[in-house]
Amino acid sequence: MFEKIRGFFMNILNYFHTNKIEDLIGVDINISSKMYQKITLWSDMMSGNAPWNAEAKPCGILPQIAGRLNYFVTREIGLDVKNEAIKKPMDHLNKNIDKVVEFITLLGGGLLRPIYAQNKLQYEIIPLGNYLPTQYDFDGTLTGAIILKQIDTKKKNYLLCEIHNYDGENHNVKMRLYENESGTFRGVPLTACEQTAELTPEYSWNKCGKPMIIEFRNHTTNKIDGSNVPVALIDDAIDLIEKADRQFSRMDWEQEAGEKRIFADRDMFTKHTSRNGDTDTVVLSKSLNKLIQKIDGDGSGNGEKIHEYSPELRTTAQNEYLQQVFRRIELTLNIGKGTVSDAESVQQTATQYSGGRQELFAIVDKIEDEIAAKYEDTALVFAYMAAAYGLPDAPKGNAKPEELYTIKWNDDQTRKDIQQAKQTALQEISAGVLNKWEYRRDFYGEDEAAAKANVPPEPVAASPFDLM
């Protein structure tokens, strides 16, 4: 039934501005009021609803950062799943790991909750905010959480609270349903809602050996309240991201305000009657209607009938400031030059660009290490569930991770050693399997058009006649 229930992280935390979730369900959570505010802000930014976005729409920084990190992670990490019972969900997770990277980057973390439904193993990835940590082990492993799901029906709205707790041996789950009447919650039976009617109110995974929920998280130190709750990778650059959105909005406004206009005296477009009694008028096309502004007079001081307004746009200066903000974001987040800013405007040498890539790769490595570690937890949880449900080919006994899967790293070693990567690329150019412009793209940070334009021309072979 869970796959029919959809949660919207943008709305759920807003319920608790006036309500305390601890008072509602009687469970202490691991999130302070400061963290509530931060998680809500990250969620708003992710969906384009940050407080400043009403005046300045997002300029695309967040998807650019998450997309760049995801590009390398998805290209480099692969799986060879050896056990057929867990193969489909593990392969599906690896193919869709971009959502995990996005949540780590923009929200701080995402929770994998395994599901057995329709006679097969499945899972869902829940963003921080839709799940709230309640307990961590000493090594930072999440051992307790509340998963919040908003359920909207034609008649009523509900909030489903799924309470998870691992006690060191067993993983216990409780379900609580609350009817939402204009922000006021009232506990009701699970049977009150059709979508939760078949859920089991309480159950346990006995002797599972590990939590049955897995948190993929950013391991940046939490400087907000010092807790183990994960922090979004973008958190230190929030003010700069706002500056970038506002600057892009100014540039957009100036482009619109700077459109060419012709101010013309209104009487030039009134009807005129000729001597023979015929009446004519000036009919303007749609494009001319946009260009010509009819006013009394022309707006100038010399009484002309027509006055042209065509201001000089400050495009270069405006864009340079925006690029400075972009570069400051890259510096603050240590994600390398050219990740957000225009790599051409940075005017880097190949060595400088390689250094920027190294900074970016340092973050990629941390994300990949986190994913690799949590793949092990996920595989073991799926193996436990496969055995519990008696699936064919389910592992027997305590399966070891290496018996279940192997991680395959693609392009990992060469890209960490830039000089080795360059040598490999030059060899591929000599062998005819790589184009020279692709070398410039990968190591100079140029886009395809610029890279092709900057490739040195091939030397022209000397004619035998030139030697005579």
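All of these numbers come straight from a predicted model, not from anything done at the bench.

Participant: Which residues make up the overall build of the protein, and what values do they have?
Facilitator: Across its full length, the protein holds 16 helices and 16 strands. Across the 468 residues of the protein, 45% fall into the buried class. Counted over contacts in the protein with a minimum sequence separation of 6, partners at least 24 positions apart contribute 67%. Working note: accessible area of the protein is about 25400 Å², and carbon and sulfur atoms make up 48% of it.

Participant: Before we move on, could you go through the pattern of salt bridges and cite the residues and values that matter?
Facilitator: Once the charged atoms of two side chains with opposite charge are near each other, the side chains can pair. Overall, the coordinates contain 16 salt bridges when judged by the stated rule. One salt bridge connects Glu 124 with Lys 149, and the closest N-O pair in it is separated by 3.0 Å. Highlighted residues: Glu 124 in strand 3 (residues 120-127) and Lys 149 in strand 5 (residues 142-152), separated in sequence by 25 residues. In this structure, Glu 124 and Lys 149 share a single accessibility class: buried. The partner of Glu 320 in a salt bridge is Arg 327, with the nearest N and O atoms 2.9 Å apart.

Participant: Which residues make up the packing of helix 4 (residues 61-76) against helix 6 (residues 98-106), and what are the values?
Facilitator: A pair of packed helices can be characterised by two numbers: the angle between their axes and the separation between those axes. Packing of helix 4 against helix 6 brings their axes to within 9 Å, and their N-to-C directions diverge by 135 degrees. Taken together, the axes of helix 4 and helix 6 lie oblique to each other. Between helix 4 and helix 6 lies a crossing of right-handed hand. Judged by residue contacts, Leu 62, Ile 65, Ala 66, Leu 69, Asn 70 and Val 73 of helix 4 engage Asp 98, Val 101, Glu 102, Thr 105 and Leu 106 from helix 6. Here the contact of helix 4 with helix 6 is composed, by residue class, of seven nonpolar, two polar and two charged.

Participant: Can you explain the sheet that holds strand 10 (residues 214-217)? Please cite residues and give values.
Facilitator: By definition, the strands of a sheet pair up through backbone hydrogen bonds, in either a parallel or an antiparallel sense. As summarised here, the arrangement of the three strands in space is 3-2-10, forming an open sheet in which the pairing is antiparallel. Each edge of the open sheet carries a strand with a single partner, namely strand 3 and strand 10. Across the sheet, the mean angle separating the axes of adjacent strands is 30 degrees when strand polarity is ignored. The pairing of strand 2 (residues 109-117) with strand 10 spans four bridges and is classified as antiparallel.

Participant: Describe the pairing of strand 3, listing the residues and the values that go with them.
Facilitator: As paired elements, strand 2 and strand 3 share eight bridges and run antiparallel to each other. Counterpart to Arg 113 in the pairing with strand 3 is Glu 124. Linking two consecutive strands that pair antiparallel, namely strand 2 and strand 3, is a turn of two residues; a positive phi of about 55 degrees is found at Gln 118 within it.

Participant: Talk me through the pairing of strand 5; I want residue IDs and the actual numbers.
Facilitator: Here strand 5 lies mainly inside the structure; ten of its eleven residues are buried. Bridge count between strand 4 (residues 131-136) and strand 5: five bridges; the pairing is antiparallel. What sits directly across from Leu 132, in strand 5, is Ile 146. The turn linking strand 4 back onto strand 5 is made up of five residues, and Gly 140 within it adopts a positive phi angle of 90 degrees. Where strand 5 lies against strand 6 (residues 157-166), nine bridges are found, and the strand directions are antiparallel.

Participant: Which residues make up unusual backbone geometry, and what values go with them?
Facilitator: If a residue is not glycine, its phi is most likely negative; likewise, a peptide bond is most likely trans. One non-glycine residue, Gln 118, lies in positive phi territory at about 55 degrees. Following the sequence through the fold, Gln 118 ends up in the loop between strand 2 and strand 3. Relative accessible area serves as the criterion here: at 58%, Gln 118 is assigned to the exposed category.

Participant: If you had to explain the nonpolar core to someone new, which residues and values would you point to?
Facilitator: Formed by 99 residues in total, the largest nonpolar core has its most connected members in Trp 42 and Ile 329. A per-element tally of this core places helix 11 (residues 350-388) first, with 15 residues. In this structure Trp 42 touches Met 35, Leu 106, Leu 107, Leu 128, Ile 224, Pro 230, Val 231, Ala 232, Asp 235 and Ile 238, once residues within four positions along its chain are discounted.

Participant: Residue-level account of the packing of aromatic side chains, with values.
Facilitator: In total, this model carries six aromatic pairs according to the counting rule given. Ring centres 4.8 Å apart and planes at 90 degrees place the aromatic pair Phe 72 and Phe 361 in the edge-to-face group. Taken as a pair, Phe 72 in helix 4 and Phe 361 in helix 11 lie far apart in primary sequence, 289 residues in all. Judged by its relative accessible area of 1%, Phe 361 is buried. Aromatic pair Trp 205 and Tyr 389: ring centres 6.2 Å apart, planes at 70 degrees, arrangement edge-to-face. You can see Trp 205 sitting in strand 9 (residues 202-205) and its partner Tyr 389 sitting in the loop between helix 11 and helix 12 (401-404), a full 184 residues away along the chain. Given a relative accessible area of 15%, Trp 205 falls into the buried group. One aromatic cluster is present, formed by Tyr 116, Tyr 203, Trp 205, Tyr 384 and Tyr 389 through successive ring pairs. When the ring centre of Trp 437 is taken as reference, the NZ or CZ atom of Lys 452 above it lies at 4.9 Å.

Participant: Tell me about the environment of Val 100, and please be specific about residues and values.
Facilitator: Looking at the element boundaries, Val 100 is found in helix 6. Counting along the chain gives 27 residues from Val 100 to Pro 127, while the straight-line C-alpha distance between them is 8.6 Å. Not counting residues within four places of it along the chain, the set of residues in contact with Val 100 comprises Ile 125 and Phe 216.

Participant: Describe the environment of Arg 441, naming the residues involved and giving the relevant values.
Facilitator: Relative to the elements of secondary structure, Arg 441 occurs in helix 15 (residues 436-444). Expressed as a C-alpha distance, the spacing of Arg 441 and Lys 452, which sit eleven residues apart in the sequence, is 8.8 Å.

Participant: Tell me about the environment of Gly 338, residues and numbers included.
Facilitator: Among the secondary structure elements, Gly 338 is positioned in the loop between helix 9 (315-333) and helix 10 (343-346). Taking relative accessible area as the criterion, Gly 338 reaches 13% and is therefore assigned buried. Measuring from C-alpha to C-alpha, the distance between Gly 338 and Phe 326 comes to 8.9 Å, with twelve residues separating the pair along the chain.

Participant: Give a detailed account of the confidence of the model for the protein, specifying residues and quantitative values.
Facilitator: Across the protein, pLDDT averages 82, with 75% of residues at or above 70. Counting interchain partners and residues more than four positions distant, the pLDDT-below-50 stretch residues 1-11 has 34 contacts.

Criteria and cut-off values
Residues numbered from 1 in each chain as written. Predicted model: local features only at pLDDT ≥ 70, side-chain atom pairs only at ≥ 80, totals over all residues. Heavy atoms only, no water. Helix = DSSP H or I, 4+ residues; strand = E, 2+ residues; numbered from the N terminus. Buried < 20%, exposed > 50% of the residue type's maximum accessible area, 1.4 Å probe, protein only. Contact = heavy atoms within 4.5 Å. Areas by Shrake-Rupley, 256 points an atom, 1.4 Å probe, with all protein chains shown as cover. Salt bridge = Lys/Arg side-chain N within 4 Å of Asp/Glu carboxyl O. Axes fitted to C-alpha atoms, helices over the stretch in contact; angles between N-to-C directions. Parallel < 35°, antiparallel > 145°, perpendicular 65-115°, else oblique. Left-handed = near helix turned anticlockwise from the far one by under 90°. Nonpolar A, V, L, I, M, F, W, Y, C, P; charged D, E, K, R; others polar. Pairing = 2+ DSSP bridges. Core = buried A, V, L, I, M, F, W, Y, C linked by side-chain atoms within 4.5 Å. Phe/Tyr/Trp six-rings, centres within 6.5 Å; stacked < 30°, edge-to-face > 60°. Lys NZ or Arg CZ within 6 Å of the ring centre and 35° of its normal. pLDDT = per-residue confidence, 0-100.

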